[in-house]
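Results of the structural survey
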Amino acid sequence: MRQFIWLDAIMEKRFFKSVSLMTKNMTPRVLLLDDDAMLRQLMVKLLTQSGFSVTAVATSAEFMRALDNLGADVCVLDWMLAGESGLVLAQQLAQLVERPPMLMLSANATIDQRVQGLAVVDDYLTKPFDPTELIARLHALLRRFQNDKTTQRLRLGRWQVDS
């Protein structure tokens, strides 16, 4: 059974007011992929109470259906899934012309593993993690990619032109 260092903080709700940075008019959509049901439930609670709208799924197939049907402003992917790899899914998403920013969550904590993950995703956070850091990283990704949306891109095959 996995241990969650920050479980007490989530249940006590002692940090939610301080980390909720969103305006009333904006509710960012998070698409969360994690096969651990308990962690998925806790993260939904954390993200929802921090001002995000969350869709949580357990498999890459469910993830792709949710992304196609609902969209997302930011994705949170677990690297090690039962019988699957979140990194392989991230590599597939990276090929899309329009894709949301991706944050990889993983127990893979060596430098080589983090570098391998960051070669594909936009940010990387190792488990166990502090909930306030997760929220801060998601806000940073949203800010960074919101600024990128002002630039128009034309993509043809492997070539991309920014205007």
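Residues numbered from 1 in each chain as written. Predicted model: local features only at pLDDT ≥ 70, side-chain atom pairs only at ≥ 80, totals over all residues. Heavy atoms only, no water.

1. Details of the overall build of the chain
On a plain count of helices and strands, the chain comes out with seven helices and nine strands. Looking at the 163 residues of the chain, the share that counts as buried comes to 40%. Partitioning the contacts of the chain with sequence separation of at least 6, the portion at a separation of at least 24 is 64%. Of the roughly 9,500 Å² of accessible surface on the chain, 52% is carried by carbon and sulfur atoms. (Helix = DSSP H or I, 4+ residues; strand = E, 2+ residues; numbered from the N terminus. Buried < 20%, exposed > 50% of the residue type's maximum accessible area, 1.4 Å probe, protein only. Contact = heavy atoms within 4.5 Å. Areas by Shrake-Rupley, 256 points an atom, 1.4 Å probe, with all protein chains shown as cover.)

2. Here's the deal with the packing of aromatic side chains
Aromatic ring pairs are reported here in terms of the distance separating the ring centres and the angle at which the planes meet. By the definition in use, this model includes one aromatic pair. Where tryptophan 79 meets tyrosine 124, the ring centres are 6.2 Å apart and the plane angle is 85°; that geometry is what we call edge-to-face. Residue tryptophan 79 is located in the loop between strand S3 (74–78) and strand S4 (80–81), and its partner tyrosine 124 is located in strand S7 (residues 123–126); the two are separated by 45 residues in the primary sequence. For tyrosine 124, a relative accessible area of 6% translates into the label buried. (Phe/Tyr/Trp six-rings, centres within 6.5 Å; stacked < 30°, edge-to-face > 60°.)

3. Observations regarding the pattern of salt bridges
Under the criterion given, the structure shown has six salt bridges. Note that lysine 127 is salt-bridged to aspartate 78, the shortest N-O span being 3.2 Å. Linking lysine 127 in the loop between S7 and helix H7 (131–148) with aspartate 78 in strand S3, this pair joins segments that are 49 residues apart in sequence. Overall, the relative accessible area of 17% leaves lysine 127 in the buried class. One network of salt bridges, with partners in common, ties together Asp34, Asp78 and Lys127. (Salt bridge = Lys/Arg side-chain N within 4 Å of Asp/Glu carboxyl O.)

4. Brief notes about the sheet that holds strand S2 (residues 53–57)
Spatial ordering of the open sheet is given by S2-S1-S3-S6-S7, a layout of five strands whose pairing is parallel. What marks the edges here is a single partner per strand, and that holds for S2 and S7. Here the average twist between neighbouring strands, direction ignored, is 20°. Note that S3 and strand S6 (residues 102–106) share four bridges and pair parallel. What sits directly across from valine 76, in S6, is leucine 103. Docked against the sheet, helix H5 (residues 86–94) engages strand S1 (29–33), S3 and S6, running at close to 170° with respect to S6. (Pairing = 2+ DSSP bridges. Axes fitted to C-alpha atoms, helices over the stretch in contact; angles between N-to-C directions.)

5. Overview of unusual backbone geometry
Geometrically, the link from lysine 127 to proline 128 is a cis peptide bond, its omega value of -10° lying close to zero. Tracing the chain through its elements places proline 128 in the loop between S7 and H7.

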